[in-house]
Amino acid sequence: MSKNILGISAYYHDSAAAVLINGEISAAAHEERFTRKKHDKSFPVEAIKFCLNYSGLSIDELDAVVFYDKPWLKFERLLETYYIFAPAGLKSFLSAIPVWIREKVFLKKIIKDELHRIEHYKKLNLLFSEHHMSHGGSAFYPSPFKEAAIVTIDGVGEWATASICHGKDNKITMLKELRFPHSLGLLYSAFTYYLGFKVNSGEYKLMGLSPYGDPASERVDNYVKLIYKELIDVKEDGSLWLNQEYFDYATGLKMTGDEKWQKLFGFKRRTEENELEQHHCDLSLAIQRVTDDIVLKMVSTAKKLTGSKYLCMSGGVALNCVTNGKILRKGLFEDIWIQPAAGDAGGALGAACAVYHMYFDRERSVDSSGDKMAGSYLGPEFSHIDIKLTARKFGAIYKYYENFDDLCSLVADYINDGKVVGWFQGRMEWGPRALGNRSILGDARNKEMQKRMNLKIKFREGFRPFAPSVMDEDKEEYFNIDRPSPYMLLIADVKENRRNPLPEDYHKLSVKDKLYYIRSDIPAITHLDYSARLQTVHKETNLRYWKVINAFKEKTGYGVIVNTSF
């Protein structure tokens, strides 16, 4: 008998919903894609409506609705934390507790009421999954591995901030966990905050800034030493202790004690209005190195505990593709698989998977040739009629192409001419990355493309890198990588024969001068350290997007283009 399960994540950041039908992912979507509020944390009303409508299900036809974490455990952590740190944090306590009592403690009723607003139902089997089990489920169950080590690392769930599990067949066994307030995710977010970016959304900016640090700089080495000496104590198994004298997140209203950090690192906390200077870049490189070191220790421990050939990863830190690339190159595992929606949104899917396989004890089928994510194209899609009606409504100029190859040829010509193209087709992506269905495309060879896209189209910081989409069969022609990277979660270096040598005084240049130095024959996607966060495009999962890149290759000889999100 088929089992229909709705998974929900909400109320922290990146609310989302996902539906499983008999263990297969039918639909999954982020609430922000409907409300257009970035990282929307509200109850995912629109995402749930879409998932149910697409799946042809009513709420009464659901065998379970599962929330991605356990609010009572979070409430317990909140109370114990304030008790331990008392009398510090009184102001934060007085502001947080009424909200928790009103909105979080009675979450079961709130969820039921919200679902009633979507649809009147007669029955509801409402379940709650632990936060890191939801992350672990999202990492293991859709993966192509029958058995694997599972490492999940984020800011904090209920108590856990990182966990090591073992997945085998349809079961996940928790082996080890790190607990709040000691957290690699919160450590990284503290540096995100101190360097002038927004917590829970700016961490990828910090990652993108790190290559601007001088790798041979004595200052970077000193920053790393200071972090280890004053802020953290890291053990060989990857567990860590954070010196709470330097942090304010446990009971306060911000991430760091700014004056202590200023004294430690020798400069004030940067705000968004301040220019980026070399010491900001060097500190970002230092925390990236520390993150790499800790995560490598954690996955090494996972290898020892499980003896597995394979690794699955999830949690917000798993979106750090610089670290992911280093795990791959370390060679501890034959292969790794990372949930494309590794953050809290992915918890909706993982909770649903965990309930299906563990609560209902359903068997798990594995296809070693690929994962269960359908290319991560799991969101809404629109028919030709929908698109035509929208174009007419807004008076848009359009031309409909009966022959798709003709359209691909036209788009390839536009890209070759230096134009920037909005590419909209098929089902919307699940996860934070645009993967060729809701993408802005450009010419990777164009030395002005990164500047133009950042400043005139994306309206964002000029230092931000862009990702390449490369035909899977051509990936080794451009990048040092020997396996697929369909979800933009791995870093690979641009081939040596495509690079331009750096001038001797390169690391003495300003951030802006470094940014616009032409580093390869595909400069728009080559980061400062010759790396790229690549997406391999496959005929099997996205034939239309593959055809666009192939048409560009036929005209230019290059099977790689720039891909960024709307």
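Note that this is a predicted model, so its numbers are computed, not measured.

**Here's the deal with the sheet that holds strand β12 (residues 335-338)**
In space, the five strands of this open sheet follow the order β8-β7-β6-β11-β12, with mixed pairing throughout. Both outer strands of the open sheet, β8 (171-179) and β12, are each paired with one neighbouring strand and no more. For this sheet the average axis-to-axis angle between neighbouring strands, irrespective of direction, equals 20 degrees. Note: strand β6 (residues 147-153) against strand β11 (residues 310-314), four bridges, orientation parallel. The partner of isoleucine 150 across the bridge, within β11, is cysteine 312. Its contacts with the sheet put helix α6 (residues 131-140) on β6, β7 (160-168), β8, β11 and β12, and the angle it makes with β6 is roughly 135 degrees.

**Notes on the packing of α6 against helix α13 (residues 344-359)**
It is the contact of α6 with α13, at a shortest axis distance of 6 Å, that shows an interaxial angle of 85 degrees. With respect to α13, the axis of α6 lies roughly perpendicular. Contacts between α6 and α13 involve His131, Met133, Ser134, His135, Gly137 and Ser138 from the first element and Asp344, Gly346, Gly347, Gly350, Ala351, Cys353, Ala354 and Met358 from the second. Its residues placed into classes, the contact of α6 with α13 shows five nonpolar, eight polar and one charged.

**Details of empty space enclosed by the protein**
For the structure shown, the criterion picks out two cavities of 30 Å³ or more. The space that makes up the largest cavity amounts to roughly 80 Å³. Considering the residues around the largest cavity, the lining is formed by 13 residues, among which Lys447, Gln450, Leu515, Ile518 and Pro523 are closest to the centre. The dominant element in the lining of the largest cavity, judged by the number of residues it contributes, is helix α16 (residues 449-457), at three residues. Looking at the lining of the largest cavity, its residues break down into seven nonpolar, two polar and four charged. Its boundaries defined by the atoms lining it, the second largest cavity holds a volume of some 50 Å³. In this structure, the second largest cavity is lined by Gly375, Tyr377, Pro486, Gln535, Thr536, Val537, His538, Thr541 and Asn542.

**Things to note about the layout of surface pockets**
Space inside the second largest pocket adds up to approximately 1,300 Å³. Taken together, 34 residues line the second largest pocket, and the ones lying closest to its centre are Ile387, Leu407, Trp423, Phe424 and Gln425. It is helix α14 (residues 384-393) that contributes the most residues to the lining of the second largest pocket, six residues altogether. Residue composition of the lining of the second largest pocket, grouped by class: 18 nonpolar, nine polar and seven charged.

**Side note on the packing of helix α9 (residues 218-231) against helix α10 (residues 258-265)**
One way to put it is that α9 packs onto α10 with a least axis distance of 11 Å and a crossing angle of 135 degrees. One finds that α9 runs oblique with respect to α10. In this structure, α9 meets α10 at a crossing whose hand is right-handed. Where α9 approaches α10, its residues Tyr223, Leu226, Ile227, Glu230 and Leu231 are matched on the opposing element by Trp261, Leu264 and Phe265. Classifying every residue of the contact of α9 with α10 gives seven nonpolar, no polar and one charged.

**Describing the environment of serine 531**
Its place among the elements puts serine 531 in strand β17 (residues 531-537). Overall, serine 531 belongs to the buried group, its relative accessible area being 6%. For the pair serine 531 and proline 211, spaced 320 residues apart in sequence, the C-alpha separation works out to 9.1 Å. What serine 531 contacts, discounting residues up to four positions off in sequence, is Ile491, Ala492, Asp493, Ile525 and Thr526. Side-chain polar atoms of serine 531 contact the side chain of aspartate 529, separated by 2.6 Å.

The rules we used
Residues numbered from 1 in each chain as written. Predicted model: local features only at pLDDT ≥ 70, side-chain atom pairs only at ≥ 80, totals over all residues. Heavy atoms only, no water. Pairing = 2+ DSSP bridges. Helix = DSSP H or I, 4+ residues; strand = E, 2+ residues; numbered from the N terminus. Axes fitted to C-alpha atoms, helices over the stretch in contact; angles between N-to-C directions. Contact = heavy atoms within 4.5 Å. Parallel < 35°, antiparallel > 145°, perpendicular 65-115°, else oblique. Nonpolar A, V, L, I, M, F, W, Y, C, P; charged D, E, K, R; others polar. 1 Å grid on protein atoms, 1.4 Å probe; cavity = no way out; pocket = protein on both sides within 12 Å on 5 of 7 lines; lining within 4 Å. Points joined across faces, edges and corners; volume = space filled by probe spheres on them. Left-handed = near helix turned anticlockwise from the far one by under 90°. Buried < 20%, exposed > 50% of the residue type's maximum accessible area, 1.4 Å probe, protein only. Polar contact = N/O pair within 3.5 Å; in protein donor to acceptor, adjacent residues only side chain to side chain.

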